[in-house]
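Topology and contacts: notes
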Amino acid sequence: MRLYTLTKRQFVLVFVAFFVSFFLTAIIGIAGPPIIVEHLQKASYLVPEEKFTTGPFSIDTGILSTFNQQLWLLCQIKLNGTNSGTSFTREFHLNVQILGRSKDSSYHVIAMTPYNRTRTLRCKKECSPLVILHLGYIDYPSYVAVIKFHSLNLPKGIKVSDIDFSVSMTVHIHSLCVKSICMFAHSLRRFSLREWSIEQKYVGVTVYPLFPLNFLMNSWVPSMFDSVFQASFLCALLLFWLCAFHGIRQSERRVGFYLPKVFIVGLLWIAAFTLSSWQQYNELQDPTYQYKIDIGHFMGLKVFFFTVGAIYLVYLVYLLFRAYSELRAMPYFGKGIV
């Protein structure tokens, strides 16, 4: 492998080039077109002012297309009054009923029992936005959410001036991904499968057949596949780094060489996949579920994930320093290090 014959200067340049490319990609993503489209609805157009703290608020998402793969509904409460700049925290109950509108304009209740959640309103100069619901996949051409507040008691001298309801949808990134996949397949049409590199075969087998499922199926199955392949790809990359840096100073690779590495990375894979799939499962059962708020009982697995991740980093740094400290003593590589 070319990695084994790199000098220290070349090794540093490889990492610098990687981080520069990553930075440029991030800049392009930030400066590029938005991947989320949103439209705003104000409570003042929905209910009288005296019902701002109770509702009900009927929020229509509008017509959704096939390219709208996920949907978020957020609200931000705006305050006024003599003490409107005061910092305070209030807990209140949120009641949400979701209706799906079919093509014949009839409404279907998503769940017979409305979703009930406890949320915390935190305000300083402005109140923090609250996530009302998140739909991981779109099953209807349009949705209507009926929202009610209970026990929203504000301090004296403060009242609600208006509430902004924001409906956000992902749209651009999916169409761009489809175009990229089509261009990728078109560019390789002249070559036989035997001439494809390992990376091209991996992309062709995993990305190309599975990604269109997001458009062909209104189901949670594509999202579950995404979780599996994302966790598998990242863990395979972590395993490669361990094997590559350890293999610099060890030519024999038997079961004992791979076993501890697979064990550590396997624990990371199990934790990452469990966290991701559990979040998607809960959101599927209850769109008002928010993992940052409602995952307190799941904290043990998060601590386990970060603990194993820290062990991985320590092991990787150890292998890196051992590899390049012993590389000079190896007869084949001794002359290549400057």
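Residues numbered from 1 in each chain as written. Predicted model: local features only at pLDDT ≥ 70, side-chain atom pairs only at ≥ 80, totals over all residues. Heavy atoms only, no water.

1. Examining the overall build of the protein chain
When helices and strands are tallied, the protein chain shows 8 helices and 9 strands. Per-residue burial for the protein chain yields a buried fraction of 34% across its 338 residues. Within the protein chain, counting contacts between residues at least 6 apart in sequence, those at least 24 apart form 79% of the total. Carbon and sulfur atoms provide 66% of the accessible area of the protein chain, an area that totals close to 20800 Å². (Helix = DSSP H or I, 4+ residues; strand = E, 2+ residues; numbered from the N terminus. Buried < 20%, exposed > 50% of the residue type's maximum accessible area, 1.4 Å probe, protein only. Contact = heavy atoms within 4.5 Å. Areas by Shrake-Rupley, 256 points an atom, 1.4 Å probe, with all protein chains shown as cover.)

2. Regarding a nonpolar patch on the surface
Where nonpolar side chains cluster on the molecular surface, the patch consists of V12, V16, V20, F23, L24, I27 and I30 and spans about 670 Å² of accessible area. Positionally, V20 belongs in helix α1 (residues 8–31). When its relative accessible area of 41% is taken as the criterion, V20 is described as partly exposed. (Patch = residues over 30% accessible without salt bridge, like charges linked within 9 Å, V, L, I, M, F, W, Y side chains within 5 Å. Salt bridge = Lys/Arg side-chain N within 4 Å of Asp/Glu carboxyl O.)

3. Quick word on the UniProt feature "transmembrane region" (unreviewed entry) in the protein chain
The UniProt record marks residues 12–32, 227–245, 257–278 and 298–321 with the feature "transmembrane region" (unreviewed entry), using the residue numbering of this structure. When the span residues 227–245 is considered, its composition is 100% helix and 0% strand, and the gap between its end C-alpha atoms is 28 Å. Overall, residues 257–278 shows 100% helix and 0% strand. The separation of its end C-alpha atoms is 33 Å. (UniProt positions renumbered as here; feature names shortened; annotations may be inferred.)

4. Observations regarding the state of the cysteines
Tallied over the entire structure, the rule returns 1 disulfide. Two residues share a disulfide in this structure: C123 and C127, whose sulfurs sit 2.0 Å from each other. Between C123 and C127 the disulfide shows an S-S torsion of about 95°. By sign, it is right-handed. Residues C123 and C127 agree in their burial class; the two are buried. (Disulfide = S-S within 2.5 Å.)

5. Points about helix α5 (residues 221–247)
With 27 residues, α5 ought to run about 39 Å at 1.5 Å a step, and its terminal C-alpha atoms sit 38 Å apart, in line with that. Looking at α5, one finds that the buried residues are P222, S223, S227, A231, C235, L242, C243, A244, F245, H246 and G247. (Expected span 1.5 Å × (residues − 1).)

6. Quick word on the packing of aromatic side chains
Tallying each qualifying case throughout the model produces 6 aromatic pairs. Judged by centre distance (5.7 Å) and plane angle (85°), the ring pair of Y140 and Y143 falls under edge-to-face. Classification of Y140 as partly exposed rests on a relative accessible area of 22%. With relative accessibility at 5%, the residue Y143 sits in the buried group. Among the aromatic residues, those joined into a ring-pair cluster are F57, F92, F149 and F165. (Phe/Tyr/Trp six-rings, centres within 6.5 Å; stacked < 30°, edge-to-face > 60°.)

7. What to know about the environment of G62
Its location among the elements puts G62 in the loop between β2 (57–60) and β3 (71–80). What G62 contacts, discounting residues up to four positions off in sequence, is P141 and S142.

8. Some details on the pairing of β2
Looking along a regular strand, one sees side chains alternate from face to face of the sheet. Burial along β2 is one-sided: F57 and I59 are buried, while S58 and D60, pointing the other way, are not. Two elements, β2 and strand β8 (residues 142–150), share 4 bridges in a ladder whose sense is antiparallel. Within the sheet, the bridge partner assigned to F57 lies in β8 and is I147. (Pairing = 2+ DSSP bridges.)

9. Quick look at the pattern of salt bridges
Counting across every chain of the model gives 3 salt bridges. Residue K42 is joined to D164 by a salt bridge in which the shortest nitrogen-to-oxygen separation is 2.9 Å. A residue pair is termed long-range when its members are at least 10 positions apart, and K42 in strand β1 (residues 36–42) and D164 in strand β9 (residues 159–170) qualify at 122 residues. Taking the relative accessible area as the measure of exposure, D164 reaches 8% and is therefore buried. R101 serves as the salt-bridge partner of D60, at 2.8 Å between the closest nitrogen and oxygen. Taken together, the positions of D60 in strand β2 and R101 in strand β4 (residues 88–101) put the pair 41 residues apart, joining distant regions of the chain. Residue R101 is classed as buried on the basis of its relative accessible area, which comes to 18%.

10. Focus on the packing of α5 against helix α6 (residues 255–285)
In contact at an axis separation of 9 Å, α5 and α6 are set at 160° when each is read in the N-to-C sense. Regarding the angle of α5 to α6, the classification is roughly antiparallel. The two elements α5 and α6 cross, and the hand of that crossing is right-handed. Tallied by class, the residues present in the contact of α5 with α6 amount to 16 nonpolar, 8 polar and 1 charged. (Axes fitted to C-alpha atoms, helices over the stretch in contact; angles between N-to-C directions. Parallel < 35°, antiparallel > 145°, perpendicular 65-115°, else oblique. Left-handed = near helix turned anticlockwise from the far one by under 90°. Nonpolar A, V, L, I, M, F, W, Y, C, P; charged D, E, K, R; others polar.)

11. Some remarks on the side chain of R101
There is a polar contact of 2.8 Å between the side chain of R101 and the side chain of D60. Residues contacting R101, with those up to four places away along its chain left out, are D60, S106, Y107, Y140, P141, S142 and V144. (Polar contact = N/O pair within 3.5 Å; in protein donor to acceptor, adjacent residues only side chain to side chain.)

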